[in-house]
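These are the residues of each chain, in order.
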Amino acid sequence: MVLLLAGVALASVGAWVVTTEPDWYQRARYPLRYETIVRAHAKNYDLSPTLLAAVIYAESKFDADARSDAGAVGLMQLLPETARGIAVRTGGDGFVDSDLLDPEINVRYGSWYLRHLLGRYHDVRTALAAYHAGQGNVDEWIRDGSGIRFPETRHYVQTMLDAQRVYADVYGDELGG
């Protein structure tokens, strides 16, 4: 593997300052699993596969069994009541909470939800804020013109956008986008 290192030579000491990380390091830091599922649902829901991978990374680090203190489950950290609503809207009638541990179902529902938020807000940053903080909070922020009020949500959105760039740079071939 060719390592591309951008650096600046320090003439006085003959050293290099590395300003980017090599691909092998990025792959270790930002894993990619379930590529087939990610590509398929990105295509089905007209999403960037790198954005979808970034959401999964930020939510669960690709751990299909992840559970949050708030009750969110699986790769895309969906609340069971949110997933139940998505199941009803997409024609599912036999949803059970344990379905969220199935990577295919979890990413399908999470992709549907992300597409819904992108359609509602027409802006990636706002949609990601809603994914994190909830539509009610985002609607309130839009009404009062305050922008993203929660520092942790601002950080989450930036983390997602940074991760999306990494997934595009490092996994562009595998993800096809």
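Keep in mind that what you see is a predicted model, and the values were worked out from it rather than measured.

Once that is clear, we can look at the side chain of T50. For T50, the location among the structural elements is in helix α3 (residues 49–60). At 3.3 Å, the side chain of T50 forms a polar contact with the side chain of Q164.

Within the span of helix α7 (residues 135–144), buried status applies to Q135, V138, D139 and W141. Looking down the long axis of α7, one finds its buried residues gathered within 160° of arc, a one-sided arrangement. On the buried face of α7, the contacting elements are α5 (103–121), α6 (124–133) and α8 (151–175). Backbone geometry just downstream of α7 places G145 in the positive-phi region, at approximately 65°.

Counted according to the given criterion, the structure contains nine aromatic pairs. Ring geometry for F62 and Y167: centres 6.3 Å apart, planes at 50°, overall tilted. One end of the pair, F62, is in the loop between α3 and α4 (80–89); the other, Y167, is in helix α8, and 105 residues separate them in sequence. On the basis of relative accessible area, F62 is assigned to the buried category, the value being 3%. Look at W141 and F150: their rings are 4.9 Å apart centre to centre, the planes differ by 90°, and that puts the pair in the edge-to-face class. Taken together, Y30, Y57, F62, Y167 and Y171 form an aromatic cluster joined through their ring pairs. The ring of Y57 carries K61 above its face, with NZ or CZ at 4.5 Å from the centroid.

Basis of the calculations
Residues numbered from 1 in each chain as written. Predicted model: local features only at pLDDT ≥ 70, side-chain atom pairs only at ≥ 80, totals over all residues. Heavy atoms only, no water. Helix = DSSP H or I, 4+ residues; strand = E, 2+ residues; numbered from the N terminus. Polar contact = N/O pair within 3.5 Å; in protein donor to acceptor, adjacent residues only side chain to side chain. Buried < 20%, exposed > 50% of the residue type's maximum accessible area, 1.4 Å probe, protein only. Arc of directions from axis to C-beta. Contact = heavy atoms within 4.5 Å. Phe/Tyr/Trp six-rings, centres within 6.5 Å; stacked < 30°, edge-to-face > 60°. Lys NZ or Arg CZ within 6 Å of the ring centre and 35° of its normal.

Just geometry here; none of it tells us what the structure is for.
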